[in-house]
Amino acid sequence: MRDTSSQYGLSSDAAAARLASDGPNALPTQRRRAWDLVREAVQEPMFLMLIVAAGLYLALGDVHEGLVLLLMVGVTIGLTLFQQGKTERALDSLRELGSPLAAVWRDGEVRQVSSRDIVVGDVLVLSEGARVAADALLLEAVDLELDESLLTGEARPVAKLADPEGPPPVPGEAVHAVWSGTLVVHGSGLARVFATGPRSEIGKIGAALHGLETAASPLQQQLGGLIRRMAFLGLGMALLVALLHGFLQGKWMEALLVGIALGMSLLPEEFPVILTVFPAIGAWRLAQAQVITRRLAAIETLGAVTVLCSDKTGTLTENRMAVVAVHTPQAAWEGGEMPAPCADLVRLAALASKPLPFDPMEKAFHALAGELSLAGELVHEFSLSAELPAMSQLWRQDDGRLLVACKGAPEAVARLCGRDPAPLRPEVERLGARGWRVLAVARGWHTGPLPDGQDGLTLEWLGLVALADPLRPEVPQAVAACHTAGVRVLMITGDHPATARAIAQAAGLASDSVLLGAEMATLDEASLRARLQSTGICARITPAQKLRIVQALQANGEVVAMTGDGVNDAPALKAAHVGIAMGRRGTEVAREAAALVLLDDHFATIVRAMALGRRIFSNMQNAMSYVVSMHVPIAGLALLPTLLGTPVLLYPMHIAFLELVIDPASSLAYESETAEQGAMLRPPRPARASLFDRGRLLRAVAGGLVAMTVAGLAYVWCMRHFPEAEARALSFVALVAANLGLIWANLGRRSLWATARENRMALSLAGITLAMLAAVTYIAPLTRAFEFERPPLAALVLAFGFGFLTYFGARLLRAGRA
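The structure displayed is predicted, hence computed values, not measured ones.

Draft legend 1. Fine view of the overall build of the protein chain. Along the protein chain, the regular secondary structure elements total 30 helices and 22 strands. Of the contacts made within the protein chain by residues no fewer than 6 positions apart, 71% connect residues no fewer than 24 positions apart. As displayed, the protein chain has an accessible area near 34100 Å², and 59% of this comes from carbon and sulfur atoms.

Draft legend 2. Local environment of the sheet that holds strand E17 (residues 488–492). Taken in spatial order, the eight strands make up an open sheet running E8-E22-E21-E20-E9-E17-E19-E18, and their pairing is mixed. Looking at which strands have only one partner, the edges of the open sheet turn out to be strand E8 (291–293) and strand E18 (514–516). Shown here is a sheet whose adjacent strand axes are inclined to one another by a mean of 20°, direction ignored. With three bridges connecting them, strand E9 (residues 307–311) and strand E20 (residues 560–564) associate as parallel partners. Pairing of Cys-309 across the sheet is with Met-562, part of E20. On top of the sheet, helix H18 (residues 525–532) reaches E17, E18 and strand E19 (537–539); it is set at about 150° to E18, its chief contact.

Draft legend 3. Up close: the sheet that holds strand E12 (residues 377–382). Pairing is antiparallel in the open sheet, where seven strands are placed in the order E11-E10-E16-E15-E14-E13-E12. Pairing within the sheet leaves two strands with one partner each, and these edge strands are strand E11 (332–333) and E12. When strand E10 (residues 322–327) meets strand E16 (residues 459–468), the two strands line up antiparallel, connected through five bridges. Each residue of the ladder has a partner; that of Ala-322, found in E16, is Ala-468.

Draft legend 4. Examining the environment of Ser-629 more closely. Structurally, Ser-629 is set in helix H22 (residues 603–644). For Ser-629, a relative accessible area of 2% gives the class buried. Once you skip the residues sitting within four places of it in the chain, Ser-629 turns out to touch Ala-700, Gly-703, Gly-704 and Leu-742.

Draft legend 5. Layout of the pattern of salt bridges. Scanning the entire structure with this criterion turns up 22 salt bridges. Note that Glu-318 is salt-bridged to Arg-320, the shortest N-O span being 2.3 Å. On the basis of relative accessible area, Glu-318 is assigned to the partly exposed category, the value being 23%. Looking at Arg-320, the relative accessible area reads 51%, which means it is exposed. Of the charged contacts in the structure, one is a salt bridge between Lys-354 and Glu-381, with a shortest N-O distance of 2.9 Å. With Lys-354 in the loop between helix H11 (340–351) and helix H12 (360–369) and Glu-381 in strand E12, the pair connects residues that are 27 residues apart, well separated along the chain. We classify Lys-354 as partly exposed; its relative accessible area is 22%. In this structure Glu-381 comes out as buried when scored by relative accessible area, which is 7%.

Draft legend 6. The packing of H18 against helix H19 (residues 543–555), seen in detail. Closest axis-to-axis distance for the H18/H19 pair is 9 Å, and the angle between their directions is 80°. One finds that H18 runs roughly perpendicular with respect to H19. Of the residues in H19, those touching H18 at Glu-525, Leu-528, Arg-529 and Leu-532 are Arg-548, Ile-549, Ala-552, Leu-553 and Ala-555. Taken together, the residues of the contact of H18 with H19 sort by class into six nonpolar, no polar and three charged.

Draft legend 7. The arrangement of the packing of H22 against helix H25 (residues 724–747) in detail. At a minimum axis distance of 9 Å, the contact between H22 and H25 shows a crossing angle of 160°. As summarised for this structure, H22 and H25 are arranged roughly antiparallel, according to the angle between their axes. Handedness of the crossing formed by H22 with H25: right-handed. Together, Asn-622, Ser-625, Tyr-626, Ser-629, Met-630, Pro-633 and Leu-637 of H22 and Leu-735, Asn-739, Leu-742, Ile-743, Asn-746 and Leu-747 of H25 make up the contact between the two elements. In terms of residue class, the contact of H22 with H25 is built from eight nonpolar, five polar and no charged.

Draft legend 8. Seen up close, helix H24 (residues 694–721). Helix length check: H24, at 28 residues, gives a terminal C-alpha distance of 40 Å against a target of 40 Å (1.5 Å per residue), a fit within 8%. All buried positions along H24 are accounted for by Arg-696, Ala-700, Gly-703, Gly-704, Ala-707, Val-710, Ala-711, Gly-712, Ala-714, Tyr-715, Cys-718 and Met-719.

Draft legend 9. View of the packing of aromatic side chains. Tallied over the full model, the rule gives 11 aromatic pairs. On the basis of an interplanar angle of 45° and a centroid distance of 5.7 Å, the ring pair of Phe-732 and Phe-788 is categorised as tilted. Taken as a pair, Phe-732 in helix H25 and Phe-788 in the loop between helix H28 (780–785) and helix H29 (793–803) lie far apart in primary sequence, 56 residues in all. You can call Phe-732 buried: its relative accessible area is 0%. Arranged with centres 5.7 Å apart and planes meeting at 40°, the rings of Phe-786 and Phe-788 form a pair that is tilted. On the basis of relative accessibility, which here comes to 1%, the residue Phe-786 falls in the buried class. What links up through ring pairs into an aromatic cluster is the set Phe-657, Phe-732, Phe-786 and Phe-788. Against the face of Trp-445 rests Arg-401, its NZ or CZ located 4.0 Å from the ring centre.

Draft legend 10. Just the environment of Val-241, in detail. Relative to the helices and strands, Val-241 resides in helix H7 (residues 218–249). On a C-alpha basis, the gap between Val-241 and Gly-259 in space is 5.8 Å, while along the polypeptide they are 18 residues apart.

Draft legend 11. Looking closely at the side chain of His-654. Topologically, His-654 is positioned in helix H23 (residues 652–671). Assessed through its relative accessible area of 0%, His-654 is described here as buried. Polar contacts involving the side chain of His-654 include one to the main-chain carbonyl oxygen of Phe-786, which spans 3.0 Å. Apart from the residues lying within four places of it in its own chain, the contact partners of His-654 are Leu-649, Arg-728, Phe-732, Phe-786 and Phe-788.

Draft legend 12. Representation of the pairing of strand E15 (residues 436–446) within the structure. With nine of 11 residues buried, E15 is to be regarded as a mostly interior element. One ladder, built from seven bridges, connects strand E14 (residues 402–408) with E15; its direction is antiparallel. Looking at E15, one finds that Leu-403 is bridged to Trp-445. With nine bridges joining them, E15 and E16 adopt antiparallel strand pairing. Counterpart to Ala-442 in the pairing with E16 is Trp-461.

Draft legend 13. Representation of the nonpolar core in the model. In this structure, Leu-308, Ile-580, Phe-603, Tyr-626, Leu-650, Ile-743 and Trp-744 are the most contacted members of the largest nonpolar core, which totals 111 residues. With 19 residues, the single largest contributor to this core is H22. Not counting residues up to four positions away in its chain, the partners in contact with Phe-603 are Leu-308, Ser-310, Thr-315, Leu-316, Val-475, Ala-478, Val-479, Cys-482 and Val-489. Of all hydrophobic cores here, the second largest spans 30 residues; its members include Leu-515, Met-520, Leu-532 and Cys-538.

Draft legend 14. Summary view of the pairing of strand E4 (residues 135–147). Summarising the sheet, E4 and strand E7 (residues 183–195) pair through 10 bridges and their orientation is antiparallel. By the bridge assignment, Leu-137 is partnered in E7 with Arg-192.

Definitions and cut-offs
Residues numbered from 1 in each chain as written. Predicted model: local features only at pLDDT ≥ 70, side-chain atom pairs only at ≥ 80, totals over all residues. Heavy atoms only, no water. Helix = DSSP H or I, 4+ residues; strand = E, 2+ residues; numbered from the N terminus. Contact = heavy atoms within 4.5 Å. Areas by Shrake-Rupley, 256 points an atom, 1.4 Å probe, with all protein chains shown as cover. Pairing = 2+ DSSP bridges. Axes fitted to C-alpha atoms, helices over the stretch in contact; angles between N-to-C directions. Buried < 20%, exposed > 50% of the residue type's maximum accessible area, 1.4 Å probe, protein only. Salt bridge = Lys/Arg side-chain N within 4 Å of Asp/Glu carboxyl O. Parallel < 35°, antiparallel > 145°, perpendicular 65-115°, else oblique. Nonpolar A, V, L, I, M, F, W, Y, C, P; charged D, E, K, R; others polar. Left-handed = near helix turned anticlockwise from the far one by under 90°. Expected span 1.5 Å × (residues − 1). Phe/Tyr/Trp six-rings, centres within 6.5 Å; stacked < 30°, edge-to-face > 60°. Lys NZ or Arg CZ within 6 Å of the ring centre and 35° of its normal. Polar contact = N/O pair within 3.5 Å; in protein donor to acceptor, adjacent residues only side chain to side chain. Core = buried A, V, L, I, M, F, W, Y, C linked by side-chain atoms within 4.5 Å.

Spelled out as structure tokens, the structure:
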């Protein structure tokens, strides 16, 4: 492959103009319309009960009450639309941020751009592990093979040849074209885009699927079943209580309304909202921290990670390499003017690298070699493999001979040159102990047919080259944070153990015990499990061995997060509880296999993501505890008047009012809660800990019983000392205050004032609730619709204060389990 920057690619201005005219390179999507969301909302049991109650009021001639209840139904639907809209906007933002990257020529240089921004005329740079971003004609190809099974169903890789002037391409037949969505499995190439987005072959398939509906996830299906069962339970209880109320008090229409109110109080319809809103907005929050979530379930698992397996290069280090030393048998260089033998070695190292490099190491070789790295036409590449960590490239010279340039691990290149690697070890370890990455370089000449592998090449040893890749400055602090949070960090690298140990010591990682890939190959599964319990560094590890490491750690009961960037890392990323791919240097195969993608490739970003994962999971648990707690007093006070033979406290419109508070509190207020103090000072939660276990359920019910006791006492006392309508108003005020007490008690472990200061959403919700409460107790039309009479102000204040005592009771319950 020749240097073709002058004749390929578009300018940024030309690309922007085409993007504006053709639209983004994305498959057609269909957003749900507001009407669809409304239709789904009114099919929920809660809304159906509200509409039935409104119909009963209207049928009885209570037009005012019926219209107020319908108004509250409308407000509730508006709140649902707001929550769904916020969720969908978060997911849309996530999809845009998570758009795959593609390498293209722009303004005379290779750039990584979002695949959405690819336009017709762009020149794609194809490399192993890349997902093709658009339909394109090949301009150049070196041993290029693609997996086109996505389009053709054929699993065998398809060899490709460059032919820009070839016939119009047909999927599955044209060897001179590549297709959007297919995968480069071997070789490299350049291709000019001729179709993007819906005009590409995969886009046409996407258009055909445009109207298909997405199936609900298993968790959504389970929750749907739970809500339906609770709806049937509520319906049965409502029918029973309605009959009981009717027979005992003889007011059958009132009995129907009481039954509907009880049925509504038993519906935990907030659970699906919590499990939809929290992961979606949580994924958006992770995206703000430079982490793209590909699988929402990973957010829950993040907080349980006990072992973080991290790459060294680019994750712990800056991935900003520079050649710092060259050692040949004739001369050595570590700065200043470079001797000729060392310059020759650097030139061969560049020729053994990709002509259009993305790897910082290969970029460093090209930058130092300059124009000397151009040497004819690249005709073949022997890729690096797990069995032989070295690569060779063959360049055709003017005389027809092939120049062979080889680089790789010193012991591997030494074997290819027929040398004993043992005498090299002291020098390699001396350079590696300084934290430098050490490679060997060799040269050869070849004529005749190409051999099957690099073992068939005749190579001459040139020497060693060392590259420095400094540790990221934030890594030691991030590693310390992991240790404090009970998360063990295990470095896994393909580098020499001396290099790995030097970087580990600088990062604050355990460096006493190093497991080498060669040693690991001799261990059975039980021995490997035992060895990993005391190992801090795994060096000279192949991608296939990463999978064994993950499986061994999991067998030890660990919850494993694994980083990776290469094609061969995909199995380990898939097997890990949380696979984390590198967004900048990772292949598309690795990104697709991972649950999370780091946009900046920083180790500290992983630690921030784990902290966010703990926060999101904890907030979801607190929200669900609150929902369960709050339904206990509502159901209890809906049933209590029937059992006592006293006037009704809660009609459907009162339940609707409470739902207007519970819904946004359980989703938006709890989602906005910041992390609990000391969340990263505690060990990870047990791997098998559920989102809402029996102990948490019992504590939530206990908190609800506290609220029911407080509100029930207020109701009984008020009914004895005030007229019925005033007593109902005061009792309802106490119940709303108890609700606010439960909200604030479950939000976190901080003081009330600290929570109010830091959670603006919860504070706003409290203010809106108080305003709504004032409206229904002081604005005559609303007061009449709620069957209230305006009570004395002093009594209102006392009722609210008495109800808010729930906060202190619930806090005592939380303190008792802290």
